[in-house]
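Listed below are the residues making up each chain.
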Amino acid sequence: MSRFEKLLDRLGRERRLATEEYEELVRTLSREEAAGEREELFARAGRVREAVYGKKVYIRGLVEVSNVCRNDCYYCGIRKSNGHAVRYRMDQEEILECCREGYRLGFRTFVFQGGEDPAMTDEVVEALVAAVHREFPDCAITLSLGEKERESYQRFFDAGASRYLLRHETASPEHYRRLHPPSMSWEHRVQCLRDLKEIGYQVGCGCMIGSPFQTAEHLAEDLKFMERLQPEMVGIGPFISQKDTPFRDFPGGGLTQTLVMLGLIRLLLPRVLLPATTALGTIDPEGRQKGILAGANVVMPNLSPPVRRKQYMLYDNKLGTGEESAEGLALLKAQMQSIGYQVVTDRGDYPGT
Ligand code: 5AD
């Protein structure tokens with residue numbers, strides 16, 4: 001058995017490796033000529049996922065509730081210094097309309113994502129969650145609204161939110177400082193993830209693949225971080241440059257490396273809910289299908305009104321109207337069927353919670 005097969009075996013058995021071993025896997029598998037090794041990784045990831053989830057692909061309805069943000073992340077198109085961004089904030093009724101449309105289409109999980117908008121106070125978010133929970137008691141509510149105080153997270157949880165997505169962005173504090181201004185702290189972000197876990201949320205972390213200054217060692221640290229945190233969800237996608245940001249001239253992350261990370265994460269966390277993200281679909285016309293075949297099991301079609309989608313520009317050329325949109329659900333189902341998977345509409349909670 002080759003060295004890389006031994007490592008995959010042990011990762012599959014023990015669900016942990018040394019950071020250097022993760023790094024070796026990331027390096028080996030990301031080389032373009034390692035196509036055979038990647039096929040082996042994806043086959044193993046597929047078997048692991050199938051043992052837990054069968055051929056089911058879960059859908060989450062994404063509502064981009066606000067693109068106002070107090071932060072200034074160097075990679076992000078809705079950073080506060082971007083004067084070209086046309087800012088918006090949806091009110092409760094506009095968001096509820098998105099949910100109604102989504103519910104009609106079969107969605108049973110709503111994800112409210114937005115920048116760190118100071119107008120989205122605890123009262124506003126709490127009232128929103130309560131209203132959605134009241135109108136759609138059979139649906140799961142996921143929030144993705146950035147860093148908050150523990151008390152705020154607790155209030156949203158008590159109002160009916162059960163899942164929270166907060167990408168850790170990078171597990172390396174030194175790399176974090178190269179992606180964010182000094183006003184932001186890696187320690188605080190990680191503390192938020194711990195608070196969310198303790199409160200009882202199903203928690204999602206994640207990072208971009210191929211972000212500026214990222215090395216294989218950083219990705220290995222990301223895997224180690226996930227091994228420790230044991231998140232219920234992980235969101236990863238390629239970095240894509242945005243023309244109005246300081247990182248406008250950096251190359252984007254690769255498809256291959258993103259697929260490798262999806263496969264490794266599936267082996268590391270067999271039950272994880274792992275989306276094939278919009279960013280992945282943006283860099284390759286078949287990115288979503290490839291993501292599923294590499295180990296992902298979730299897709300998040302966009303329920304935001306089309307004018308909002310265009311304004312929620314985290315990166316250039318973001319997909320908006322095809323199978324990644326709610327209107328394209330029939331197309332998405334057909335695509336998934338063509339690769340042997342079946343889109344299902346149940347809430348898809350983390351097994352065992
Ligand atoms: N390319 C890819 N992903 C990005 N994000 C923000 N900006 C970009 C970009 N330029 C990701 C971040 C954030 C999530 C909402 O979107 O990881 O957490």
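Residues numbered from 1 in each chain as written. Predicted model: local features only at pLDDT ≥ 70, side-chain atom pairs only at ≥ 80, totals over all residues. Heavy atoms only, no water.

## Structural notes on the site of the ligand
So, point 1. Taken together, Tyr75, Cys76, Arg167, Glu169, Met208, Pro238, Phe239, Ile240, Leu314 and Tyr315 make up all the residues around the ligand.
So, point 2. The separation between an oxygen atom of the ligand and a polar side-chain atom of Arg167 is 2.9 Å.
So, point 3. Coverage of the ligand by the protein amounts to 88% of the 400 Å² it exposes when considered alone.
So, point 4. Tallied by class, residues from the shell around the ligand come to 8 nonpolar, no polar and 2 charged. (Near = heavy atom within 4 Å. Polar contact = N/O pair within 3.5 Å; in protein donor to acceptor, adjacent residues only side chain to side chain. Areas by Shrake-Rupley, 256 points an atom, 1.4 Å probe, with all protein chains shown as cover. Nonpolar A, V, L, I, M, F, W, Y, C, P; charged D, E, K, R; others polar.)

## A word on the nonpolar core
So, point 1. Counting residues in each nonpolar core, the largest one holds 98 residues, and the members touching the most others are Phe112, Leu143 and Leu264.
So, point 2. Leu143 has contacts with Phe112, Val125, Val129, Phe156, Ala161, Arg163, Tyr164 and Leu165, leaving out every residue within four places of it along the chain. (Core = buried A, V, L, I, M, F, W, Y, C linked by side-chain atoms within 4.5 Å. Buried < 20%, exposed > 50% of the residue type's maximum accessible area, 1.4 Å probe, protein only. Contact = heavy atoms within 4.5 Å.)

## A closer look at the packing of aromatic side chains
Aromatic ring pairs are defined here through the distance separating the ring centres and the angle between the ring planes.
So, point 1. Applying the stated criterion across every chain, the model contains 10 aromatic pairs.
So, point 2. Relative to Phe250, the ring of Phe213 has its centre 5.4 Å away and its plane inclined at 70 degrees; by these criteria the two rings are edge-to-face. Of this pair, Phe213 sits in the loop between strand S7 (208-209) and helix H9 (216-229) while Phe250 sits in the loop between strand S9 (237-238) and helix H10 (255-268); the two residues are 37 residues apart in sequence, bridging distant segments of the chain.
So, point 3. Note on Phe213: relative accessible area 32%, which makes it partly exposed.
So, point 4. Three or more aromatic residues joined by ring pairs make a cluster, and in this case those are Tyr74, Phe213, Phe247 and Phe250.
So, point 5. Between Arg108 and the ring centre of Tyr103, over which it is positioned, the NZ or CZ distance is 3.4 Å.
So, point 6. In this structure, Arg178 is placed above the aromatic ring of Phe213, and the distance from its NZ or CZ to the ring centre is 3.8 Å. (Phe/Tyr/Trp six-rings, centres within 6.5 Å; stacked < 30°, edge-to-face > 60°. Helix = DSSP H or I, 4+ residues; strand = E, 2+ residues; numbered from the N terminus. Lys NZ or Arg CZ within 6 Å of the ring centre and 35° of its normal.)

## Some thoughts on the packing of helix H3 (residues 35-53) against H10
So, point 1. One way to put it is that H3 packs onto H10 with a least axis distance of 8 Å and a crossing angle of 45 degrees. Compared by their axis directions, H3 and H10 come out oblique. In this structure, H3 crosses over H10, and the sense of that crossing is left-handed. On the side of H3, the interface is formed by Arg38, Leu41, Phe42, Arg44, Ala45, Val48, Arg49 and Tyr53, while H10 contributes Thr256, Leu259, Val260, Gly263, Leu264, Arg266 and Leu267. (Axes fitted to C-alpha atoms, helices over the stretch in contact; angles between N-to-C directions. Parallel < 35°, antiparallel > 145°, perpendicular 65-115°, else oblique. Left-handed = near helix turned anticlockwise from the far one by under 90°.)

## Observations regarding the environment of Gln337
So, point 1. Locating Gln337 in the fold gives a position in helix H14 (residues 329-338).
So, point 2. Here Gln337 falls in the exposed class, since its relative accessible area comes to 58%.
So, point 3. A sequence separation of 297 residues divides Gln337 from Glu40, and the C-alpha atoms of the two residues are 23 Å apart.

By themselves, these are just geometric observations and shouldn't be taken as functional.
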